[in-house]
Amino acid sequence: MNDIAVAILSALAGFIVWIAQRYYERRMDERLRKEELYRTLLSASVELFTTGDGAPFVVESQRAWLYASDEVLEDINVYLKAFSAYADAKQRKADIAGLWTAVLKAEGRLRLSIRKDLQPKTQITAEWVKREWEMITSRPERIRRYLGRESASSKKDKTI
């Protein structure tokens, strides 16, 4: 009888360990999906910020509906609205100073919500972002080259 009880307990313990392992594997898979999503979203944000090309950010923001937290989705929306208002005013040759400040604020807010989603115990706060964070970028052609989005014609024209 003891042998049967040991066998049943061993099987039960093995089953519980298997369930726990599957749970942690699913959590790790979800985190990896989020990391990839946020990596491409932030790259698209830099491209939008530097070159004004919004297509990558729009596409990545739609993918965000699959895995991003609610806070990240809200901040994507704030960022898109701020950048859209800035672009519209710039096109109309209106005053853009305050609108550009709103874009920078929305960008920092988006980055912070991404960080909080991936690192819930982060020490970075909204106050720190407001006080310390700056968007630093590079020339548009260098950003596009890094992201691998140079056009075929611009690649042909370059000499070594």
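Residues numbered from 1 in each chain as written. Predicted model: local features only at pLDDT ≥ 70, side-chain atom pairs only at ≥ 80, totals over all residues. Heavy atoms only, no water.

Draft legend 1. Quick look at the packing of helix H1 (residues 2-51) against helix H4 (residues 97-118). It is at 11 Å that the axes of H1 and H4 come closest, and there the two elements cross at 165°. In terms of orientation, H1 and H4 fall into the roughly antiparallel class. The handedness of the crossing between H1 and H4 comes out as left-handed. Seen from H1, the contacting residues are Arg-31, Lys-34, Glu-35, Tyr-38, Leu-41, Leu-42, Ser-45, Val-46 and Phe-49; seen from H4, they are Trp-100, Val-103, Leu-104, Glu-107, Arg-111, Ile-114, Asp-117 and Leu-118. Looking at the contact of H1 with H4 residue by residue, the class counts come to ten nonpolar, one polar and six charged. (Axes fitted to C-alpha atoms, helices over the stretch in contact; angles between N-to-C directions. Helix = DSSP H or I, 4+ residues; strand = E, 2+ residues; numbered from the N terminus. Parallel < 35°, antiparallel > 145°, perpendicular 65-115°, else oblique. Left-handed = near helix turned anticlockwise from the far one by under 90°. Contact = heavy atoms within 4.5 Å. Nonpolar A, V, L, I, M, F, W, Y, C, P; charged D, E, K, R; others polar.)

Draft legend 2. Broad picture of the packing of helix H2 (residues 55-67) against helix H3 (residues 70-91). Taken N-terminus to C-terminus, the directions of H2 and H3 make an angle of 155°; their axes are 10 Å apart at the nearest point. Comparing their axes, H3 and H2 come out roughly antiparallel. Of the two possible hands of crossing, H2 and H3 adopt the one that is left-handed. For the pair H2 and H3, the contacting residues are Phe-57, Ser-61, Ala-64 and Trp-65 in the first and Leu-73, Ile-76, Tyr-79 and Leu-80 in the second. Here the contact of H2 with H3 is composed, by residue class, of seven nonpolar, one polar and no charged.

Draft legend 3. Main features of H2. Looking only at H2, the buried set comprises Pro-56, Phe-57, Glu-60, Ser-61 and Ala-64. End-on, the buried residues of H2 take up no more than an arc of 125°, which puts them together on one face. Turned more than 90 degrees from where H2 packs its buried face, Gln-62, Trp-65 and Leu-66 sit exposed. Taken together, the buried residues of H2 touch H1, H3 and H4. (Buried < 20%, exposed > 50% of the residue type's maximum accessible area, 1.4 Å probe, protein only. Arc of directions from axis to C-beta.)

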